[in-house]
Amino acid sequence: MTKTYPRQQIAEQISDLRQMRARMSDMISTACGLLAQGEAAQVPDLVRLELLAALSHAEKADQIAQDRMKELYGLPTPTPANTNTEEAA
């Protein structure tokens, strides 16, 4: 027998992952903006290297969250009883 997962639980996890991805997108955009400004932003080299590392990690985390969302969308959920009126009769 296949294990099923409550729809509410799946929906909450997907919602949390969407929020996390939105925050990571904001962080990635900010980091890219600082890196693109280069010398004009007066970002020290050490900070620039840290930004590049953080950017790489954020992109990996975003991909992991996206993959998890795909898994959640594919999970089996319980079907309501007697959804088909012909079966119910």
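Residue numbers restart at each chain and count upward from 1, following the sequence in its written direction. Under the rules for a predicted model, residues below a pLDDT of 70 receive no local features and side-chain atom pairs below 80 are neither given nor counted, while totals for whole chains, interfaces and linings still include all residues. Only hydrogens and water are set aside; all other atoms, that is, all heavy atoms of the structure, feed into the side-chain values.

Observations regarding the pattern of salt bridges
Inference 1: The term salt bridge refers to a side-chain nitrogen of Lys or Arg lying within 4 Å of a carboxyl oxygen of Asp or Glu. Counted under the stated rule, the structure contains 3 salt bridges.
Inference 2: Between Asp 45 and Arg 48 there is a salt bridge whose closest N-O contact spans 3.6 Å. Highlighted residues: Asp 45 and Arg 48, both in helix α2 (residues 45-74), separated by 3 residues, approximately one helical turn.
Inference 3: Note that Arg 68 and Glu 71 form a salt bridge whose closest N and O atoms lie 3.1 Å from each other. With a gap of 3 residues between them, Arg 68 and Glu 71 both fall in helix α2, about one helical turn apart.
Inference 4: The rule is simple: take the accessible area with a 1.4 Å probe, protein chains only, and divide by the maximum for that residue type; under 20% is buried, over 50% is exposed, in between is partly exposed. Judged by its relative accessible area of 34%, Arg 68 falls in the partly exposed class. Put simply, DSSP marks the helices as runs of H or I at least four residues long and the strands as runs of E at least two long, and each gets a number from the N terminus on.

Let's talk about the confidence of the model for the protein
Inference 1: A residue-level look at the protein finds 85% of positions with pLDDT of 70 or above and a mean pLDDT of 84.
Inference 2: Here pLDDT means the predictor's own confidence in every residue, given as a number from 0 to 100. Taken element by element, the predicted model of the protein shows its lowest mean pLDDT in helix α3 (residues 85-88) (56) and its highest in α2 (92).

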